[in-house]
Each structure stands twice: as C-alpha cells, then as structure tokens.
Amino acid sequence: MSDPEKTASLAAAPVSPAAAIPAPARATVAMAFVQGMLGGMQHAGHDTRPLLERAHIPTHVLGDPAARIPVDRYAALYNLINHELDDEGFGLFSVPMRTGSFEFLCRSTITAPTLSVAIERGIRFLRLVLPDLSVRLNTHRDQACLCIAETGAPLAIGRVFAFEWLLRLLHGLFSWLVGRGIVLDAVAFPYPRPEHADDYALIYTARSTFGAETLAATFAANLLDLPIRRDEAALQTFLDGAPGKLTTLYRRDREMVLRVRKTLRDALPASMSLAEVARTLHLSARTLHRRLEDEGSSFQAIKDGLRRDVAINSLAKSRQAVAEIAADLGFADPAAFYRAFVRWTGVAPAHYRKRLQAAGSDEPRPTRAAAR
C-alpha cells in the first residue's frame, strides 16, 4: 500500500524499474487476505492444504487472524489457486474467470492511447468476464472516481476480499500501463472496517473510509490524460508471475518509502534521524518529509515497520537474546525495545518467541500493525 496528493505531479511520481528498487525485508501480508483468497475453495469443499504447502504457508496460521506471511508466498498462493481452479476469480463469483483473463485484460488496454481509454476498455472487458461486479469511471471537475459495485445481491462468498482484490488488480495494472504510481486520494469501501484495515494505508491510501454504498476510489482527473507507455515486449515481462505478482507492485510504487527503509536497514544498528537519512539521499529534510507524506507514510512509520520486521525475523530464526536483538536494532536499552515490541505486536518478545516455538513455525505470527 498512499495519501492524498496536493498536485497531479506529486500524485504521479515516476516509478523506477523493479530491478532498481529492493524489496522490503520480509514484507508481510495480513492473514485476512489469505483467508479471503481461500474462501471460494473452502466453500466448494476443496482441500487447501496441498496448495498452502506448495506456497510454504503453514496451515495452522489460518486460524490466527493476527498472523502474517511474507508477501512473496502470498503471491505464490494467488497463482496456485488460479491454476488449480482455472479461475482467476478464486471461485468467488457466479461465473469463473478462466485462466488467461488477466492477460487479455492487459492486451485490451495496452494499445490504448491514454489512461482514460485504457480504463474504459478494461471496464468493457470486465463486463464480459465478471458479471457479478460492475466497474465505471466518473469524472467531476478535477476528480476522477473508479467505482465498483455489485450488480445484484451482495456476494455470498468472500465479499470483502472480492472488492479488495479487484481494486488492487485494476490499480496495479493501470499504474503499470502509464509507468507511474497512480495515487488514490481516498477510497470508500462498501463494508464495515475490517480488522486488517491498517494494511490499507500501504495498499491503497491512508484515507480509507467504510460503510459506503459502493466502492469509490478517487484520484486526480488529469492523470486520465497520461499516455500508455508499455508495449508488447514489456507485457511479456509483466505477465511473468502475473497476476499474483500484482500483490507486490504497490510497494514498488512507493519508491521513496523503499529508499528510506533500505537506508535505515543498511545503517543498523545505528539509528538514523530523518535529517541524516535526507542527507544520505541528497534531499532536504522538508522534501523527504513531504515525499513520504505524498506516498502515504512517515519516517517514524517506516522506522517502526523495519524494526518490527527485523525483530520478528530474529525471534523466529535465531536464538539471539532479546537484549542482543534490541542492540542490533539500535535501541538504547532492552526496556525500550520491549515497550516498542509490545506496541507493535501486543505481546512481549519472549512470549512471541515461545508461541512460535510451540507452533513449530518459522513464520511471523501475531502482529497488529500493517507493514509500513
């Protein structure tokens, strides 16, 4: 997962090639996304254990709503389910979206001259393969709105995930087509706030509201005039690992967040200030603060998220003493680390490690905060 943008130029900050931007260390995904993705299979009586094993996701974590898994394993499970069911809609809808639907969605949009035309083509294509949900594009003055609604009765299976999935799919695709991160100013979701809503700030926008009649994702209208910058050669690369790899694209859209996270990671155990990181990145502190705000994050959120992920990995993968982990993360004393870890996860570090050992899992488990 962006915050509201003041100008279209900020809203459309260029995205560097994927290879130029390192992936966040052990970035994690809330278990609710996994549970939603498996909802169709479970409803149909399929045994999900073989797919979870192939994606290296322990089956016991499904019952823990606070658990998290690495984002790359989530992407792997995404594609495995699509292949197993021959349905890129995860068995959630009245008509399966047969394997290849996403590819042809891409092909229907890649030759469009502008983003506006690409969106309209995508909407027409989805009308053919996804009759349970309707998508429309509205514009009013300087605002555009991508709206998603049910065409009939509310979805009976995986309703929350269905809206999350389709918005993420379209947002990732449209951002890729124009070669820029399309910043969503705000999103209104048509259901009560879910427990994993903290992740929405990373995936969609920090301005998420709930209980709307339909899903409404707003962004700067002048972005609709952006030209499509991808060609057939780029599409072949993009389709490798798609559509599951779209789950990681939003992280690449937040280039400054990733650059700050890498800078902080490389400096450990030293604890850098915002001003020090800004100097390392050849920016003023004010500019760095604004750029992070534009990407829906903050310096402290990135610092906390990095320390949390490294701490969880150390507790799960090593026998390091808690005091040593605290020192490696740049905490002045173990007590400060203890307080921070309880704030991040709701449990003490030693208790967290015991739960992992008792479960026999190497996966990060209960965390309340989203990966920032």
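Residue numbers here run from 1 along each chain, matching the order of that chain's written sequence. Reporting in this predicted model follows two pLDDT cut-offs: at least 70 for local features of residues, and 80 or more for side-chain atom pairs to be given and counted; totals over whole chains, interfaces and linings ignore these cut-offs and use all residues. Based on all heavy atoms of the structure, the side-chain values leave hydrogens and waters out of the count.

A.B. asks: Could you give an account of the overall build of the protein chain, with specific residues and numbers?
C.D. replies: Broken down by element type, the protein chain carries 17 helices and 7 strands. Buried residues are those whose accessible area, probed at 1.4 Å on protein chains only, stays under 20% of the maximum for their type, while exposed residues exceed 50% and partly exposed ones sit between those limits. A total of 372 residues make up the protein chain; the buried ones form 56% of that total. As presented, the protein chain carries roughly 15,900 Å² of accessible surface, and 53% of it is formed by carbon and sulfur atoms. Put simply, DSSP marks the helices as runs of H or I at least four residues long and the strands as runs of E at least two long, and each gets a number from the N terminus on. Areas reported here follow the Shrake-Rupley algorithm with a probe of radius 1.4 Å; residue values treat only the protein chains shown as occluding.

A.B. asks: A description of the pairing of strand E5 (residues 186-189) should follow, citing residues and the corresponding values.
C.D. replies: Note that E5 and strand E7 (residues 215-220) share 3 bridges and pair antiparallel. Opposite Ala188, over in E7, you have Ala216 as the bridge partner. Relative to strand E6 (residues 208-210), E5 is paired through 3 bridges, and the arrangement is parallel. Each bridged residue has a counterpart across the sheet, and for Phe189 the counterpart in E6 is Phe210. Two strands make a pair as long as DSSP finds a minimum of two bridges between them.

A.B. asks: Talk me through the side chain of Asp304; I want residue IDs and the actual numbers.
C.D. replies: Examined against the element boundaries, Asp304 turns out to sit in helix H14 (residues 299-317). One buried charged residue, Asp304, forms no salt bridge at all, with the nearest opposite charge on Arg343 at 4.0 Å. Contact criterion: two residues are considered in contact whenever any of their non-hydrogen atoms come within 4.5 Å of each other. If near-sequence neighbours (up to four positions away) are discounted, Asp304 is found in contact with Arg343 and Trp344. Positive: Lys, Arg. Negative: Asp, Glu. His and the chain ends are not part of the count. Salt bridge criterion: a side-chain nitrogen from Lys or Arg within 4 Å of a carboxyl oxygen from Asp or Glu.

A.B. asks: Residues and numbers for the sheet that holds strand E4 (residues 143-150), please.
C.D. replies: With respect to topology, 5 strands assemble into an open sheet ordered E3-E4-E7-E5-E6, the strand pairing being mixed. Single-partner strands in this sheet number two, and they are strand E3 (133-140) and E6. Strand-to-strand, the axes of this sheet are offset by a mean angle of 15°, without reference to chain direction. As a rule, the C-alpha atoms of each element are fitted with a line to give its axis, helices using only the stretch in contact, and angles between N-to-C directions run from 0 to 180 degrees. The sheet strands contacting helix H6 (residues 115-129) are E3, E4 and E7, and the helix crosses E3 at an angle near 155°. Sitting on the sheet, helix H7 (residues 159-178) touches E3, E4, E5 and E7, and the angle it makes with E4 is about 145°.

A.B. asks: Please give an account of the environment of Thr48 that cites residues and values.
C.D. replies: Topologically, Thr48 is positioned in the loop between helix H2 (31-43) and helix H3 (49-54). For Thr48, a relative accessible area of 8% puts it in the buried group. The sequence separation of Thr48 and Leu38 amounts to 10 residues, and the corresponding C-alpha distance is 7.5 Å. With residues up to four places along the chain from it excluded, the contact list for Thr48 reads Leu38, Met41 and Gln42.

A.B. asks: Please provide a residue-by-residue account of the nonpolar core, values included.
C.D. replies: For this analysis, a nonpolar core means a set of buried residues of the types Ala, Val, Leu, Ile, Met, Phe, Trp, Tyr and Cys, connected via side-chain atoms within 4.5 Å. Core analysis: the largest hydrophobic core is formed by 83 residues, its most contacted members being Leu77, Trp165, Leu166 and Phe219. With 13 residues, H7 is the largest single contributor of residues to this core. Among all residues touching Leu77, those that are not within four sequence positions of it are Val34, Met37, Leu38, Leu51, Leu52, Ala55 and Ile57. Membership of the second largest hydrophobic core comes to 30 residues, among which are Met256, Ala278, Trp344 and Tyr352.

A.B. asks: Give me the pattern of salt bridges: which residues, what numbers.
C.D. replies: With the rule as written, the count across this model stands at 10 salt bridges. Salt-bridge contacts for Arg107 lead to Glu232; the nearest nitrogen and oxygen are separated by 3.0 Å. Linking Arg107 in helix H5 (residues 101-109) with Glu232 in helix H9 (residues 232-239), this pair joins segments that are 125 residues apart in sequence. The exposure class of Glu232 is partly exposed, given its relative accessible area of 41%. Between Asp309 and Arg261 there is a salt bridge whose closest N-O contact spans 2.9 Å. Of this pair, Asp309 sits in helix H14 while Arg261 is found in helix H11 (residues 255-267), placing the two residues 48 residues apart along the sequence. As far as the burial class goes, Asp309 and Arg261 line up, both buried. One network of salt bridges, in which partners are shared, links Glu103, Arg107 and Glu232.

A.B. asks: Tell me about H9, and please be specific about residues and values.
C.D. replies: Of all the positions in H9, only Leu235, Phe238 and Leu239 are classed as buried. Each buried residue of H9 sits inside an arc of 90° when the element is viewed along its axis, so together they form one side. Residues of H9 that are exposed and point over 90 degrees away from its buried face: Ala233 and Thr237. For H9, the capping residue at the N-terminal end is Asp231, with a side-chain oxygen 3.3 Å from the backbone nitrogen of Ala233. This arc is built from the directions going out from the helix axis to the C-beta atoms. In the analysis that follows, any N or O atom pair within 3.5 Å is treated as a polar contact, provided that within protein one partner can donate a hydrogen and the other can accept it, and provided that, for residues neighboring in sequence, both atoms belong to side chains.

A.B. asks: Describe the environment of Ala234, and please don't skip the residues or the numbers.
C.D. replies: Here Ala234 shows up in helix H9. The spatial distance from the C-alpha of Ala234 to the C-alpha of Ile110 is 9.9 Å, given a sequence separation of 124 residues.

A.B. asks: Hey, could you go over the environment of Cys147 for me, with residue numbers and the actual values?
C.D. replies: With respect to the helices, strands and loops of the structure, Cys147 is situated in strand E4. Taking the C-alpha atoms as reference points, Cys147 and Ser134, 13 residues apart in sequence, are found 8.0 Å from one another. Once residues lying within four places of it in the same chain are set aside, the contact partners of Cys147 are Ser134, Val135, Arg136, Asn138 and Leu215.

A.B. asks: Describe the packing of aromatic side chains, naming the residues involved and giving the relevant values.
C.D. replies: Stacked, tilted and edge-to-face are the three classes assigned to paired rings of Phe, Tyr and Trp, where Trp is represented by its six-membered ring and a pair needs centres within 6.5 Å; plane angles under 30 degrees give stacked, over 60 edge-to-face, the rest tilted. Applying the stated criterion across every chain, the model contains 19 aromatic pairs. Measuring from centroid to centroid gives 4.9 Å for Tyr78 and Phe90, while their planes differ by 90°, and the two rings are edge-to-face. In this pair, Tyr78 sits in helix H4 (residues 71-85) while Phe90 sits in the loop between H4 and H5, placing the two residues 12 residues apart along the sequence. Judged by centre distance (6.2 Å) and plane angle (45°), the rings of Tyr191 and Phe210 are tilted. One end of the pair, Tyr191, is in the loop between E5 and helix H8 (200-203); the other, Phe210, is in strand E6, and 19 residues separate them in sequence.

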